Amino acid sequence: MLLSLVLHMYSMRCVLPAAVLLGTAPTYVLAWGAWRLLSAFLPSRFYQAVDDRLYCIYQSMVLFFFENYTGVQILLYGDLPKNKENIIYLANHQSTVDWIIADILAIRQNALGHVRYVLKDGLKWLPLYGCYFSQHGGIYVKRSAKFNEKEMRKKLQSYVNAGTPMYLVIFPEGTRYNPELTKVLSASQAFAAQEGLPVLKHVLTPRIKATHVAFDSMKDYLDAVYDVTVAFEGTMDDKGQRKEAPSMVEFLCKECPKIHIYLDRIEKKDVPEEQVYMKRWLHERFEIKDKLLIEFYDSPDPERRNKFPGESVNSKLSLKKTLPSFLILSGLTAGLLMTEAGRKLYVKTWIYGTLIGCLWVSIKA
């Protein structure tokens, strides 16, 4: 019975973070909505500056749980610039936690409010979040033949014209790598072979469209491209085979002791502009990722496994950067829920905010 209680408590460790992160969403949307209305007659740069600050507050609370609460160790390889830049962030994709990895790097450059994502189209239907991500600068894209290049260019060009700070996160694989989904891996490898490209083992074959459109639309505005390779420690089974990366729930249950992040900053002049050459360049970048991950997971030398080549820095995030956001948002939410009028407003925000958001994204689709 005691063992059952211990196991139950272990599995409940994600409940508090999930409750706070989801529970404060209506409060955040109300604050953002109020600012959206107040700034309607102001220049767009004023709206954007405050929106970025609001986003920074919410994402700092997210990092309070994903870094400070879990106690995960962040090991950085390569050179992460200290100053914020306008960049495209290209990374391998294996877990829902990958969205948080971009935040982990951005907050260390004081650029957390500038993070914007290229997201798969289905995520626009997320209650509250789906509409807001689009408002903050996120771009929803459909795969393959349904990809709307014109719409993506139009949105990115509007950000460039407005001088919007850009930390644009793209996962070129298009879907998460999972070693247990052998059909997906086989299809990806077959596609590479069909295109005359080297077959990859620990990443999927990258797709070029979103990356090319993003770079071509912003090439005169960007400072650099960040090539980011991520590995979660503890993702090997007893037979030494790679297993599925932790989900957000598993991560919040403290099932990942370390995250290894390898960053290569690439000058924009070193990125080919023509799509046919960029396609080859992007695949070569993923070949480099694959070699790093082969070294991490499959090195015959046990001393070289579970780490990337080169020196790493153990980067610890100070509570000063995250705790205030947690206290502000949880305090405002608690205050809202203490009155009957506040509780009604809270519930209505969930219901009507979701409905209005879904209507908005369906019109914009």
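Preceding this paragraph is the structure being described.
Keep in mind it's a predicted model, so treat the numbers as computed, not measured.

1. Description of the overall build of the protein
Here is step 1: Each helix and strand counted, the protein has 13 helices and 8 strands in total.
Here is step 2: Relative to its length of 365 residues, the protein is compact, with a C-alpha radius of gyration of 21 Å against a globular reference of 21 Å.
Here is step 3: In terms of its C-alpha atoms, the protein occupies a principal-axis envelope of roughly 60 × 60 × 40 Å.
Here is step 4: Relative to its 365 residues, the protein shows a buried fraction of 50%.
Here is step 5: Sequence-distant contacts, at least 24 apart, represent 79% of the contacts inside the protein between residues at least 6 apart.
Here is step 6: Split by element, the accessible area of the protein, about 18500 Å² in all, is 60% carbon and sulfur.

2. Looking at the pairing of strand 1 (residues 73-78)
Here is step 1: Two strands pair when backbone bridges link them, and strand 1 and strand 7 (residues 258-267) are joined in this way by 6 bridges, in the parallel orientation. Residue pairing in the sheet places Ile74 in a bridge with Ile259 of strand 7.

3. Remarks on the pairing of strand 2 (residues 87-91)
Here is step 1: Where burial is concerned, most of strand 2 is hidden: 5 out of the 5 residues are buried.
Here is step 2: Taking every second residue as pointing to the same face, both faces of strand 2 are buried, with Ile87, Tyr89 and Ala91 on one and Ile88 and Leu90 on the other.
Here is step 3: Pairing of strand 2 with strand 6 (residues 224-232) involves 5 bridges; the strand directions are parallel. Across the sheet, residue Tyr89 finds its bridge partner in strand 6, namely Tyr226.

4. Some remarks on the side chain of Thr211
Here is step 1: Locating Thr211 in the fold gives a position in helix 9 (residues 209-218).
Here is step 2: In this structure Thr211 comes out as buried when scored by relative accessible area, which is 4%.
Here is step 3: The contact partners of Thr211, leaving out residues within four places of it in the chain, are Leu90, Ile170, Pro172, Met278 and Leu282.

5. Notes on the nonpolar core
Here is step 1: Residues Tyr89, Ile101, Tyr167, Val228, Phe232, Ile259 and Ile261 are the most contacted members of the largest nonpolar core, which totals 64 residues.
Here is step 2: Here the element with the most residues in this core is helix 4 (residues 44-69); it accounts for 12 residues.
Here is step 3: With sequence-adjacent residues up to four places away left out, Val228 is seen in contact with Tyr89, Leu90, Ala91, Asn92, Leu105, Ile261, Tyr262, Leu263 and Lys289.
Here is step 4: Within the second largest apolar cluster, 38 residues are counted, among which are Leu90, Ile139, Phe286 and Leu292.

6. Quick notes on the state of the cysteines
Here is step 1: One pass over the full model with this rule turns up 0 disulfides.
Here is step 2: With no disulfide of its own, Cys253 lies closest to Cys14 among cysteine sulfurs, the gap being 4.0 Å.
Here is step 3: We note that Cys358 lacks a disulfide partner, and the nearest cysteine sulfur, in Cys131, lies 8.5 Å from it.

7. Re helix 4
Three or four residues apart is the spacing at which side chains of an α-helix point the same way, because the helix has 3.6 residues per turn.
Here is step 1: Look at helix 4: 36 Å from first C-alpha to last across 26 residues, which is about the 38 Å you get at 1.5 Å a residue.
Here is step 2: The largest bend in helix 4 comes to about 30°, at Leu63.

8. What to know about the packing of aromatic side chains
Here is step 1: Summed over the entire model, instances satisfying the criterion amount to 21 aromatic pairs.
Here is step 2: When the ring of Trp32 is compared with that of Tyr132, the centres are 5.4 Å apart and the planes differ by 80°; the resulting orientation is edge-to-face. On the criterion of sequence distance, the pair formed by Trp32 in helix 3 (residues 25-38) and Tyr132 in helix 6 (residues 129-136) is long-range, its members being 100 residues apart.
Here is step 3: Overall, Trp32 belongs to the buried group, its relative accessible area being 12%.
Here is step 4: Summarising the aromatic geometry, the rings of Trp99 and Tyr117 are spaced 5.1 Å apart at their centres and angled 80° between planes, so their arrangement reads as edge-to-face. Of this pair, Trp99 sits in helix 5 (residues 98-107) while Tyr117 sits in strand 3 (residues 115-120), placing them 18 residues apart in sequence.

9. Re unusual backbone geometry
Here is step 1: In this model, Asn110 sits at a positive phi of 55°, which is unusual for a non-glycine residue.
Here is step 2: Secondary-structure assignment places Asn110 in the loop between helix 5 and strand 3.
Here is step 3: You can call Asn110 exposed: its relative accessible area is 51%.
Here is step 4: A positive phi angle is found at Leu128, which is not glycine, with a value near 65°.
Here is step 5: Judged by relative accessible area, which is 7%, Leu128 ranks as buried.

Basis of the calculations
Residues numbered from 1 in each chain as written. Predicted model: local features only at pLDDT ≥ 70, side-chain atom pairs only at ≥ 80, totals over all residues. Heavy atoms only, no water. Helix = DSSP H or I, 4+ residues; strand = E, 2+ residues; numbered from the N terminus. Rg over C-alpha atoms; globule rule 2.2 N^0.38 Å. Buried < 20%, exposed > 50% of the residue type's maximum accessible area, 1.4 Å probe, protein only. Contact = heavy atoms within 4.5 Å. Areas by Shrake-Rupley, 256 points an atom, 1.4 Å probe, with all protein chains shown as cover. Pairing = 2+ DSSP bridges. Core = buried A, V, L, I, M, F, W, Y, C linked by side-chain atoms within 4.5 Å. Disulfide = S-S within 2.5 Å. Expected span 1.5 Å × (residues − 1). Bend = angle between axes of the 7 residues up to and from the residue. Phe/Tyr/Trp six-rings, centres within 6.5 Å; stacked < 30°, edge-to-face > 60°.

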